[in-house]
Amino acid sequence: MKTIKRSIGSVALAATLMLTVSCKDASKTEATTTSESTTENTVASQESVATSDKQDAKAEVILKDYFNLKDALVGDDGEKAKEFGATLTNSLKAFEVSNYSADEQTELKEIIEDATEHAEHIAESDIKHQREHFKTLSKDITDMVAITGTKMTLYEQFCPMYDRGSAWLSTKEEIRNPYHGSAMLKCGSVQRTIN
Amino acid sequence: MKVIKIIAGIALFLFVAIQFFPTDRNESYTVPPSDFMLVNTVPIDIQKRLKASCYDCHSNLTAYPWYNKVQPIAWFLEDHVKEGKAELNFSEWDTYSDRRKRSKLRSIIKQIENDEMPLISYTYLHREAILSEEDANIIINFMNQLKDSLQ
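Owing to the predicted nature of the structure, the values given are computational and were not obtained by experimental measurement.

### Some points on the overall build of chain A
Point 1. Regarding its fold elements, chain A presents five helices and three strands.
Point 2. What you see in chain A, going N to C, is helices and strands ordered as α-α-α-α-α-β-β-β.
Point 3. For chain A, the residues scored as buried account for 32% of the 195 residues in total.
Point 4. In chain A, the share of contacts with a sequence separation of at least 24, taken over all contacts with a separation of at least 6, comes to 60%.

As structure tokens, then:
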């Protein structure tokens, strides 16, 4: 009798395990649907911007989200960085390449694809990982701006201390380091001014 | 006592029932020309290491363990392999642009450096997948060289 009870117990355990797994899946799908609805919202707001401006408004939105993300990292705020990572993912996905030449389109598509992946990771990682991804993301965004241009004046800044030297973009000339945050807030220098 | 028996009965029934659900098996035996090993010149020892430590979840061919025949384990593994391949698929290496290859290489290096890959939940049962410090260094060096050649 005891062995029967025990085996029944283990079967019950297996069943509960299975149920937990399926519950996890359910919550996952829910999460995707909510993020889809936010995408729609952002796209809608971007379209209204696009009609009011002749420059590539969608690239400007990407830049705005990138700078919000950068500021969150400067402030050592991983939770905020997650949120802006998600917003940036959406604005990257909303980018339109059709107004560019064939060569630029290929290049831009590659840039956007890569940047989207990094933004997605930033949306779900801890701050250490976020900063790793931010490095490659910064390179992508810099290459994007080289093609799309921007109305803003940007500063390409560089810190030799992080991961054998890492760059980022900023709208302000003074250094606020997104890789080290408060630990080394002013480490770095302006390498180049864009516009 | 009766209630427990009924619950156990239902659980047993469910456990047996889920065994009949099929899963997608990740077993493509043709190596596509886009495979990492075919596009790059990879030394044999590194090939072996990558196949033992990475290819189960990061390629189109998983060497399944026997317990993959049991549900819900099979579902759990299916999910893992899907996720792994979405992040990085060595079988489709050459379909990535140079920019993405560099990104992937950078992530591979970081993950190994930080001891985050191979996953502990994986090496727990696949002892042969564990990378010794020497193995890790050899792979990191190789990936770094490859990354520099793509600049």
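After presenting the structure, the write-up continues.
### Let's talk about the environment of Leu154 of chain A
Point 1. Here Leu154 of chain A is to be found in strand S1 (residues 154-159).
Point 2. It is 14 Å that separates the C-alpha atoms of Leu154 of chain A and Ile62 of chain A, two residues lying 92 residues apart in sequence.

### Some words on the pairing of S1 of chain A
All names here are of chain A.
Point 1. The pairing of S1 with strand S3 (residues 189-194) spans five bridges and is classified as antiparallel. Each bridged residue has a counterpart across the sheet, and for Gln157 the counterpart in S3 is Val190.
Point 2. Bridge analysis of S1 against strand S2 (residues 166-170) gives five bridges, and the strand direction is antiparallel. Following the sheet pairing, Gln157 is matched in S2 by Trp168.

### Here we look at the confidence of the model for chain A
Point 1. Taken over all residues, the pLDDT of chain A has a mean of 80, while the share at 70 or more is 72%.
Point 2. In this model, residues 14-54 of chain A is a region of pLDDT below 50 whose contacts with residues beyond four sequence positions or in other chains number 28 contacts.

### Thoughts on the sheet that holds S3 of chain A
Residue and element names in this part refer to chain A.
Point 1. The strand order across the open sheet built from three strands is S2-S1-S3, with neighbouring strands paired in antiparallel fashion. Only two strands of the sheet have a single partner each, and these edge strands are S2 and S3. Mean inter-strand twist for the sheet, computed between neighbouring axes without regard to direction, equals 25 degrees.
Point 2. Sheet contacts for helix H5 (residues 127-148): S1, S2 and S3; angle to S2, the most-contacted strand, approximately 55 degrees.

### Thoughts on the pairing of S2 of chain A
Point 1. Most of S2 of chain A sits inside the fold, with four of its five residues counted as buried.
Point 2. The hairpin turn running from S1 of chain A into S2 of chain A, its antiparallel successor, is six residues long, and Asp163 of chain A in that turn takes a positive phi close to 45 degrees.

### A look at the nonpolar core
Point 1. Among the nonpolar cores identified, the biggest contains 30 residues, and Ile62, Tyr66, Leu69, Leu88, Ala119 and Ile141 of chain A are the most heavily contacted of them.
Point 2. Secondary-structure elements contributing two or more residues to this core are helix H2 (57-74), helix H3 (78-93), helix H4 (102-122), H5 and S2 of chain A.
Point 3. Considering each element in turn, this core owes the most residues, 10 residues, to H2 of chain A.
Point 4. Contacts of Ile141 of chain A, omitting those with residues within four sequence positions, involve Tyr66, Ala115 and Leu169 of chain A.
Point 5. Phe36, Tyr55, Phe90 and Trp93 of chain B belong to the second largest nonpolar core, which has seven residues in total.

### A few points about H3 of chain A
Point 1. Across its 16 residues, H3 of chain A extends 22 Å between first and last C-alpha, which sits within 8% of the 22 Å expected from 1.5 Å per residue.
Point 2. Those residues of H3 of chain A that sit buried are Ala81, Phe84, Gly85, Ala86, Thr87, Leu88, Thr89, Asn90, Ser91 and Leu92 of chain A.

### Some details on the packing of H2 of chain A against H3 of chain A
Residue and element names in this part refer to chain A.
Point 1. Running from N to C, H2 and H3 point in directions that differ by 165 degrees, and their axes come no closer than 9 Å. Considered as vectors, H2 and H3 are oriented roughly antiparallel to each other. At the point where H2 passes H3, the crossing takes the left-handed sense. Each of Val61, Ile62, Asp65, Tyr66, Asn68, Leu69, Ala72 and Leu73 in H2 lies in contact with H3, whose residues at this interface are Lys80, Ala81, Phe84, Gly85, Thr87, Leu88, Ser91 and Leu92.
Point 2. Residue composition of the contact of H2 with H3, by class: 10 nonpolar, four polar and two charged.

About the criteria used
- Residues numbered from 1 in each chain as written.
- Chains lettered and ligands numbered in written order.
- Predicted model: local features only at pLDDT ≥ 70, side-chain atom pairs only at ≥ 80, totals over all residues.
- Helix = DSSP H or I, 4+ residues; strand = E, 2+ residues; numbered from the N terminus.
- Buried ≥ 20, exposed ≤ 12 C-beta atoms within 10 Å, placed from the backbone.
- Contact = placed C-beta atoms within 7 Å.
- Pairing = 2+ DSSP bridges.
- pLDDT = per-residue confidence, 0-100.
- Axes fitted to C-alpha atoms, helices over the stretch in contact; angles between N-to-C directions.
- Core = buried A, V, L, I, M, F, W, Y, C linked by C-beta atoms within 7 Å.
- Expected span 1.5 Å × (residues − 1).
- Parallel < 35°, antiparallel > 145°, perpendicular 65-115°, else oblique.
- Left-handed = near helix turned anticlockwise from the far one by under 90°.
- Nonpolar A, V, L, I, M, F, W, Y, C, P; charged D, E, K, R; others polar.

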